[in-house]
Amino acid sequence: NLNGIGKCLSRNWILKNITLEVQDGECLVLLGPSGCGKSTTLRIIAGLDRPTEGTIYIDDNEVTNLSPVKRNIGMVFQSYAIYPHLSVKDNLSLGMRIRLVKSNEINNRIFRVLSLMKMEHLINRKPNELSGGQRQRLALARALLRDPKIYLLDEPMSNLDAQLREELRPELRNLILGGSQPVVYVTHDQQEALSMATKIAVMKEGQIKQIGTPKDLYEIPNSTFVASFIGRPQINLLSQKDQILGIRPEDIYFDNQGIKGELLYFEWLGINKLIYIDTEYGIIRMLSPRKNEIPRTIKITWKHENEHKFDRETGLRII
């Protein structure tokens with residue numbers, strides 16, 4: 001639990017009133033643009049940074065002033081902290097040997113985590129013989145072997161290529177969410193957030209703008225910022241007199257009685273096309289099946305129940 005966490009550096013508040021709760025077996029994803037305070041929040045939970053105000057509880061015990069070592073946390077950061085002079089196997093076994101885990105148990109757990117990470121063949125390599133992606137997977141493997149009270153993951157897949165990220169996501173989700181420990185996961189990649197999270201906290205400028213399930217944030221975003229950040233292709237935000245109308249590209253369809261527009265261009269997405277249409281409301285994006293031929297002049301519409309309305313001044317949801 002974080003209660004009213006604030007962090008001030010040189011008179012600038014880089015975190016303001018961060019309050020959140022993560023239950024056992026939950027994965028809370030902190031999502032937001034670079035510099036919004038996601039990693040600082042994680043470092044405060046880990047004990048690497050001290051908050052200026054507020055309190056932190058793990059398992060109902062206050063840990064606000066405890067050192068990182070005493071918090072029993074499994075951490076994976078973007079920069080992988082691994083021992084360069086030890087082999088993959090020794091990097092993984094060291095913590096368990098210190099905790100006096102039996103050697104056959106150590107070997108079983110190492111083999112399981114290495115097969116998950118597709119690294120069994122690298123068991124005797126040193127870190128300088130591994131690629132960046134392999135080193136990141138090693139750091140991830142080591143955190144998974146710790147059996148901590150809470151997992152903290154800071155962009156754990158940022159150094160992996162897209163294909164490997166896609167392969168690892170469901171495996172990582174099963175491994176992390178298969179346990180009882182709470183997980184706090186930082187990413188700026190909303191696809192990763194939507195696939196990993198049981199809850200998402202969308203952050204901007206050191207504050208939580210909305211917190212909820214991926215479904216909640218997609219269906220009922222509380223502001224234009226959250227609406228734009230969750231969902232790809234990005235939502236259309238159309239300016240009207242006193243409000244902004246939000247329509248997702250997937251909710252727009254062709255209709256001969258609809259709004260007239262001119263085809264500007266389209267992007268090929270594989271399963272479908274993302275079409276850009278010039279209308280009286282500005283440029284509108286919509287999805288179309290890949291086999292559809294798209295005419296130059298287009299008429300489109302959407303259902304009223306799929307509209308999201310926001311206040312023009314504040315950007316906050318009206319209905």
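Just so it is clear, the structure is predicted and the values come from calculations on it, not from any experiment.

(A) View of the pattern of salt bridges. According to the stated counting rule, one finds five salt bridges in the structure shown. A salt bridge links E105 to R109; the shortest N-O distance between them is 3.8 Å. Within this pair, E105 and its partner R109 are both found in helix α3 (residues 103-116), separated by four residues, close to a single helical turn. Taking the relative accessible area as the measure of exposure, E105 reaches 35% and is therefore partly exposed. When its relative accessible area of 24% is taken as the criterion, R109 is described as partly exposed. The salt bridge involving K309 is made with E307; its shortest N-O contact spans 3.8 Å. According to the relative accessible area criterion, E307 is buried, its value standing at 14%.

(B) Expanded view of the environment of F254. Note on placement: F254 falls in strand β13 (residues 253-268). Residues F254 and T301, 47 residues apart in the sequence, show an inter-C-alpha distance of 6.4 Å. Not counting the four nearest positions on each side in its chain, F254 is found in contact with I275, M286, S288, N292, I298, K299 and I300.

(C) Looking closely at the pairing of strand β8 (residues 183-187). Of all the five residues making up β8, five are buried; the element is thus mostly covered by neighbouring parts of the structure. Burial along β8 is two-sided: the face carrying V183, Y185 and T187 and the face carrying V184 and V186 are both buried. One ladder, built from five bridges, connects strand β3 (residues 27-31) with β8; its direction is parallel. Opposite L31, over in β8, you have T187 as the bridge partner.

(D) Quick look at the nonpolar core. Counting residues in hydrophobic clusters, the biggest one holds 44 residues, and the most contacted among them are V29, L92, Y185 and I200. With six residues, the single largest contributor to this core is helix α4 (residues 132-144). With near-sequence residues (within four places) excluded, L92 lies in contact with I110, V113, L114, L138, A141, R142 and L145. Residues I5, L30, A46 and V184 belong to the second largest nonpolar core, which totals 23 residues.

(E) Inspection of the sheet that holds β13 at higher detail. On the basis of which strands lie adjacent, the open sheet formed by four strands has the order β15-β14-β13-β16 and antiparallel pairing. Both outer strands of the open sheet, β15 (282-289) and β16 (297-301), are each paired with one neighbouring strand and no more. Taken over all neighbouring pairs, the strand axes of this sheet differ in orientation by 50 degrees on average, direction set aside. Looking at chain direction, β13 and β16 are connected through six bridges and run antiparallel. Residue pairing across strands places E262 opposite T297, the latter belonging to β16.

(F) Just the packing of aromatic side chains, in detail. Taken as a whole, this structure holds two aromatic pairs when the rule is applied. Aromatic pair Y265 and Y276: ring centres 4.5 Å apart, planes at 20 degrees, arrangement stacked. With a gap of eleven residues between them, Y265 in strand β13 and Y276 in strand β14 (residues 272-279) connect regions that are remote in the sequence. Sitting above the plane of the F266 ring, K273 keeps its charged end 5.0 Å from the centroid.

(G) How the structure looks around the environment of I244. Residue position: I244 is located in strand β12 (residues 243-247). With a relative accessible area of 15%, I244 lands in the buried category. Distance in space between the C-alpha atoms of I244 and T41 is 32 Å, their sequence separation being 203 residues. The residues contacting I244, other than those within four sequence positions of it, are T224, L237, L238, H308, K309, F310 and R312.

(H) Summary view of unusual backbone geometry. Across the junction of R232 and P233, the peptide omega takes the value 0 degrees, indicating a cis bond. Topologically, P233 is positioned in the loop between α8 (224-229) and β11 (236-239). Although it is not a glycine, S10 adopts a positive phi angle of roughly 50 degrees. Tracing the chain through its elements places S10 in the loop between β1 (2-9) and β2 (12-20). If you check the backbone angles, D60 has positive phi at about 65 degrees while not being a glycine. Tracing the sequence through the fold places D60 in the loop between β4 (53-58) and β5 (61-62).

Calculation criteria
- Residues numbered from 1 in each chain as written.
- Predicted model: local features only at pLDDT ≥ 70, side-chain atom pairs only at ≥ 80, totals over all residues.
- Heavy atoms only, no water.
- Salt bridge = Lys/Arg side-chain N within 4 Å of Asp/Glu carboxyl O.
- Helix = DSSP H or I, 4+ residues; strand = E, 2+ residues; numbered from the N terminus.
- Buried < 20%, exposed > 50% of the residue type's maximum accessible area, 1.4 Å probe, protein only.
- Contact = heavy atoms within 4.5 Å.
- Pairing = 2+ DSSP bridges.
- Core = buried A, V, L, I, M, F, W, Y, C linked by side-chain atoms within 4.5 Å.
- Axes fitted to C-alpha atoms, helices over the stretch in contact; angles between N-to-C directions.
- Phe/Tyr/Trp six-rings, centres within 6.5 Å; stacked < 30°, edge-to-face > 60°.
- Lys NZ or Arg CZ within 6 Å of the ring centre and 35° of its normal.

Interpretation note: all reported values are geometric properties and have no functional meaning in isolation.
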